[in-house]
Amino acid sequence: MADTAGWRERAEETALLWVLVAIVAILSLLPLARLLFEGVAPGGRFSTAALSSVLSSATTWTAAQHSLVTACGGTALAVLIGATVAVLVGLTDIRGRNAFVFCFVLPLMIAPQVVALAWLQLFGPSSTLLKMIGLAPAMGSRNPLYSAEGIVLLLGVQYAPLVFLTLRAGLRTLPQELLEAGLAAGAKPLTILRTIILPLMTPPLVAGIALCFVSCLGNFGIPAFLGIPGNYLVLPTLIYQRLAGLGPSVLSEVAVLSCLIGFIAVLGIFLQDLMLRRRDFRITTTSNAMRPFELARWRPAVEIALWILTIVVLVLPLVALLLSSLVPAAGVPLTVKSATWSNYDYVLFDHAAAKRAFINSFSLSATAAIVIVLVAVPLAYFLVWRRSRLLRVLNLVAEMPYALPGVVLAIAAILVFLKPLPVFGLTLYNTVWIILFGYLARFLVLGLRPVIGGYYQLDRTLEEAAQIAGARLLRRLATIILPLVAPMATAGALLVFLTAFNELTVSALLWSSGAETLGVVVFSFQQGGDSTYAAALAMLTVAVTIALMLSTLLTGKPARGVLPWRG
Amino acid sequence: MARLIVDRVTKTFGAFRALDEVSLDVSDGEFMAILGPSGCGKTTLLRQIAGFDKLDGGRIVIGEAVVSSVTQHVPPERRRIGIVFQSYALWPHMTVAENVAYGLTVAGVRDPERARRVEAALALVELRGYAERRPSMLSGGQRQRVALARCLVTEPSLVLLDEPLANLDVHLRASMEEEFSRFHARTGTTMVYITHDQAEAMALADRIAVMDSGRLLQVATPSQLYREPADATVAAFIGEGIVVPAEVVDVDRNGRCRVDLFGLSVSMRCAPAQRPARKARACLRAGNLAIVGADASGIDARVVRAVYQGGHFRVEAQLDHADGVLVHMAVAEPCQLAPGSAIRIGIDDGWVLPEIGKIVDSIAPESADSRRPGGVAGADG
């Protein structure tokens, strides 16, 4: 009896572990390996033809140069805005902090292509808003945003919250005593900022910069809306154009391009990793709330400046977008008489692809969110509590599809699923399922991180008590662990849902007729010149996003430090 | 109910030996306390018995079955034991009744049998009427009792308690101690109680196992542990014994011997096997020491400090004969002993440490001893 005791438990745990290993490997290791393989051996045969033809093409290097210029410029602008705001919000006694944080972080949660669309509606000759106040440029003049500067501006606005969030997380861990010691030594607040706070904040700042750089580099929506019309191509849009224009025959070529952009991104990640290694970014519950510096008579001025910033980067573009969605056709001035809901009617009830896109985007995002959380809870269990070495290595691999630009994963997914699956004979290419695969692979980490954080905050004896009571692993997971990590898992699921719902990069390359997403339809409306339909559809996605974000403020336990828009 | 045998159990973490050949035999129905300072390995031992960790040597037997050895490991969920955790580990998303019922549900016990047994368990810990509350609505003592009820409802053969009183305030501790005692008497379950508090261990346990640095130093009844410590570490740890170098001059058959202590001849207790020895060590208790007049026989010493402790002073003094040897005793009020005043100390009893073969020539203090307050080992220089 003693020899067989516990074999069922062991078998159950081993089986679960291997299922998880298989899932992570299929979602992350397989596509990336397949992509690298295609880079050196296109079509399965070793050849440097594709590699050399791509690398010797002037287009490649022009796009790479454009990518670097816009990514660096966007990052610089984002750091300037994000760091300034983080210092003001994190260290001073401004009022209305939570409302401001919510508004400031909002652009990060709205789809980049919607941000681009909104800004395009703000400037340019057909801007409904500018027409209303009589400031619109002459018809036929060029929209100033169709330029490298426009791309840099919007990337900076979109990703300033990323720098803000990493820096603010760092400021939260700053011990109060260090600042008080500085004050006691006679230093003025600005001196303390320069000599104590900023040096200590170097690691999170550099991490934020690296994160921002990789995001700018991989962004597809903004350069697609602003760059393609002016033929200013970056690597992601170059890949898109090649693939959209010539189809799967150029796969080997775009695979090399993907490897190139992946390589640039890895350099950024490597830098971030180097800084993260020096510090532990886990949430500590013991950090004392830092007493804010008093701005005294400067406070109203600073508050006004922050809210003006909000109006410029958030309110004005969204208002422009809203107004454009209400005119009957682009260029028609908006008056009480001309205002119409017909654009909304059309995208909600008449246009078949738009209707399908709503259903597709909703169900794809919801499925991805649920599946990811169901995988993340046992996965984080083995990662945090069992310290499974095998999974720790895989965890690093699982980060890659999210850290790397979205086009890299999309191309990799096409390579894996272009041919029918062996054994099953199913073809996922050109179906909605390849998009689901892309979402699962890319956003697994988004759902996993909060759950891992949840485990670190849990007392493991809660699980051990259930073990002593005789409960096997699956039962413990279902009855004890899942309810306890539920708040974090919900937050993770929500992040996955919102990100997938607003996503364009992956689906732009993976969509097919019948499997459109909202991002794809907004994009094709805009490309086809139907900017009023695009604006209406974009407004609807913004409304859903903001409604979901607001709903987290009203209900449920706060999962601090997980949802970026919660103060 | 079951006997627990821990047989030469070894556990290492890297180069660190957390458990070093620990052997312990807990008989059926016994209340065994495992006592030691923090970091001594007592919690590691508990985790071995529970099965949370795998051992690196030796074996553990519960009842008739080997549950842990190098080659086999019965997982905790199959060991049919109960644990009361230091943090109580009550599941916050369940009511008191659901917490208690969990083990029964897992075992396949269904209502009405399950409800009846939950009710009985809650009655046993005097928490009837709290069944529908959440753990967050209970006081510390009530949570403790829920944890106890949850652990006992499945009638485990062996109950492990991991510092269950550490998180309670002083007043609650006394009443919970009493509760554990009554509880043990009523159920007759074999209990292993981990603690760093010797008063707690003495009050509750049938026997106490003293651990230090991953080794088991002595297993004995509380009284034996206090009166007859096995070595200098136990002597110093339990009841702040004073360990001094001594010469055993001759031994009689009644377990007593004559000892030369810095020139003073004292009659002391000793083990039956004790032989005369030039370099032995003795354990003195504060109660064995008293200040005597200058004409009486005793050891001259100098007061280091006197601390008032309510009704009496704790006087610490340094013996003149061998510098480095500090002793302490209780002196009743009134007492005007300034630091530096000369006193003579009389000694009426003591215990010769049965360290036969362990120490022959060297009685240098062990570093672990000299760091512990009150645990002052004898030193030759």
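Note that the coordinates shown come from a computational prediction; the quantities given were computed from them, not determined experimentally.

Caption draft 1: Focus on the overall build of chain A. Within chain A one finds 24 helices and zero strands. Compactness check: chain A gives a C-alpha radius of gyration of 25 Å against a globular reference of 24 Å for 567 residues, within 12% of the reference. Its C-alpha atoms give chain A principal-axis dimensions of about 90 × 70 × 50 Å. For chain A, the residues scored as buried account for 48% of the 567 residues in total. Put simply, 82% of the contacts in chain A that link residues at least 6 apart link residues at least 24 apart.

Caption draft 2: Representation of the overall build of chain B in the model. Tallying secondary structure elements over chain B gives nine helices and 20 strands in all. In terms of overall dimensions, chain B has C-alpha extents of about 80 × 50 × 40 Å along its principal axes. When burial is assessed residue by residue, chain B has 42% of its 381 residues classed as buried.

Caption draft 3: Here's a closer look at the nonpolar core. A:Leu117, A:Ile411, A:Leu537, B:Ala282 and B:Val352 are the most contacted members of the largest nonpolar core, which totals 294 residues. Once residues within four sequence positions are removed from consideration, A:Leu117 is found in contact with A:Phe225, A:Leu321, A:Val522, A:Gln526, A:Ala534, A:Ala535 and A:Ala538.

Caption draft 4: Structural detail: the sheet that holds strand β15 (residues 289–292) of chain B. Residue and element names in this part refer to chain B. Overall, antiparallel pairing links the five strands, which are arranged β15-β19-β16-β17-β18 in an open sheet. Bordering the open sheet on either side are β15 and β18 (326–332), each of which pairs with just one other strand. Averaged over all adjacent pairs, the angle separating strand axes in this sheet is 50°, with direction ignored. Note: strand β16 (residues 299–308) against strand β17 (residues 312–319), seven bridges, orientation antiparallel. The residue of β17 that forms the bridge with Arg302 is Gln318.

Caption draft 5: Looking closely at the pairing of strand β10 (residues 215–220) of chain B. All names here are of chain B. Bridge count for strand β9 (residues 207–212) against β10 is five bridges, and the pairing is antiparallel. Paired with Ile208 across the two strands is Ala220, which belongs to β10. Linkage of β9 to β10, two consecutive antiparallel strands, is achieved through a turn of two residues, within which Ser213 is found at a positive phi near 50°.

Caption draft 6: Local environment of the interface of chain A and chain B. Taken together, the 21 residues of chain A in the interface contact 24 residues of chain B. Those elements giving two or more residues to the side of chain A that touches chain B turn out to be α20 (461–468) and α21 (473–501) of chain A. Looking at which element gives the most residues to the side of chain A that touches chain B, the answer is α20(A), with seven residues. Split by residue class, the side of chain A that touches chain B holds 11 nonpolar, four polar and six charged.

Caption draft 7: Just the domain arrangement of chain B, in detail. In terms of domain boundaries, chain B breaks down into domain 1 (4–223) and domain 2 (241–371). For domain 1 of chain B versus domain 2 of chain B, the distance between C-alpha centres works out to 39 Å.

Caption draft 8: Quick peek at the domain arrangement of chain A. All names here are of chain A. By domain assignment, chain A separates into domain 1 (13–56 + 350–517) and domain 2 (57–340). Centre-to-centre separation of domain 1 and domain 2, based on C-alpha positions: 26 Å. Each partner contributes residues to the interface: domain 1 has 31 residues there, and domain 2 has 31 residues. Elements that contribute at least two residues to the side of domain 1 that touches domain 2 include exactly α1 (7–40), α2 (49–55), α18 (406–417), α19 (432–457) and α22 (505–510). In terms of residues, the side of domain 1 that touches domain 2 owes the most to one element, α18, which gives six residues. Per-class residue counts for the side of domain 1 that touches domain 2 are 21 nonpolar, eight polar and two charged.

Caption draft 9: Local environment of the sheet that holds β9(B). Residues and elements named next belong to chain B. Taken in spatial order, the six strands line up as β6-β7-β8-β3-β9-β10 in an open sheet, and their pairing is mixed. Of all the strands in the sheet, just β6 (81–84) and β10 have a single pairing partner and so form its edges. Averaged over all adjacent pairs, the angle separating strand axes in this sheet is 20°, with direction ignored. Two elements, strand β3 (residues 31–35) and strand β8 (residues 190–195), share five bridges in a ladder whose sense is parallel. Within the sheet, the bridge partner assigned to Leu35 lies in β8 and is Thr195.

Caption draft 10: A look at the environment of B:Arg117. Mapped onto the fold, B:Arg117 is located in helix α3 (residues 113–124). It is 60 Å that separates the C-alpha atoms of B:Arg117 and B:Val248, two residues lying 131 residues apart in sequence.

Caption draft 11: Spatial organisation of the pairing of strand β5 (residues 65–69) of chain B. Residue and element names in this part refer to chain B. Of the strand pairs in this sheet, strand β4 (residues 57–62) and β5 are connected by four bridges, and their pairing is antiparallel. The residue of β5 that forms the bridge with Val61 is Val66. Between the antiparallel neighbours β4 and β5 lie two residues, among them Gly63 with a positive phi of about 65°.

Caption draft 12: Structural detail: the environment of A:Asn395. Relative to the elements of secondary structure, A:Asn395 occurs in helix α17 (residues 389–403). Spatially, the C-alpha atom of A:Asn395 lies 39 Å from that of A:Leu306, the residues being 89 residues apart in sequence.

Caption draft 13: Quick peek at α17(A). Taking 1.5 Å per residue, 15 residues should reach 21 Å; α17(A) reaches 22 Å between its end C-alpha atoms and fits that length. Here α17(A) has its buried residues at A:Leu391, A:Leu394, A:Ala398, A:Met400, A:Pro401, A:Tyr402 and A:Ala403.

Caption draft 14: Region of the structure containing the packing of α1(A) against helix α16 (residues 352–385) of chain A. Residue and element names in this part refer to chain A. Here α1 crosses α16 at 110°, and the two axes come no closer than 10 Å. Compared by their axis directions, α1 and α16 come out roughly perpendicular. Our pair here, α1 against α16, has a crossing hand that is left-handed. Each of Leu16, Leu17, Leu20 and Ile23 in α1 lies in contact with α16, whose residues at this interface are Val375, Pro378, Leu379 and Phe382.

Caption draft 15: Quick look at unusual backbone geometry. Residues and elements named next belong to chain B. The linkage connecting Asp111 with the following residue, Pro112, adopts the cis geometry, with an omega of 5°. Secondary-structure assignment places Pro112 in the loop between α2 (96–106) and α3. Not every positive phi belongs to a glycine, and Glu21 is a case in point at roughly 50°. Of note in this structure, Glu155 is not a glycine but carries a positive phi near 50°. Position of Glu155 among the secondary structure elements: in the loop between α4 (140–152) and β7 (158–162). Take Glu155: there are 13 C-beta atoms within 10 Å of it, and that puts it in the partly exposed class.

Caption draft 16: Structural context of the confidence of the model for chain B. Within chain B, residue pLDDT values average 85, and 92% of them lie at 70 or more. In the model output, the complex is listed with pTM 0.80 alongside ipTM 0.76.

Caption draft 17: Structural detail: the environment of A:Phe497. Residue and element names in this part refer to chain A. Following the sequence through the fold, Phe497 ends up in helix α21. Sequence-wise, Phe497 and Leu322 are 175 residues apart; in three dimensions their C-alpha atoms are separated by 24 Å. For Phe497, the residues in contact, after removing those within four places along its chain, are Ser365, Ala366 and Ala369.

Cut-offs and rules
- Residues numbered from 1 in each chain as written.
- Chains lettered and ligands numbered in written order.
- Predicted model: local features only at pLDDT ≥ 70, side-chain atom pairs only at ≥ 80, totals over all residues.
- Helix = DSSP H or I, 4+ residues; strand = E, 2+ residues; numbered from the N terminus.
- Rg over C-alpha atoms; globule rule 2.2 N^0.38 Å.
- Buried ≥ 20, exposed ≤ 12 C-beta atoms within 10 Å, placed from the backbone.
- Contact = placed C-beta atoms within 7 Å.
- Core = buried A, V, L, I, M, F, W, Y, C linked by C-beta atoms within 7 Å.
- Pairing = 2+ DSSP bridges.
- Axes fitted to C-alpha atoms, helices over the stretch in contact; angles between N-to-C directions.
- Nonpolar A, V, L, I, M, F, W, Y, C, P; charged D, E, K, R; others polar.
- Domains from an automatic or database assignment.
- Expected span 1.5 Å × (residues − 1).
- Parallel < 35°, antiparallel > 145°, perpendicular 65-115°, else oblique.
- Left-handed = near helix turned anticlockwise from the far one by under 90°.
- pLDDT = per-residue confidence, 0-100.

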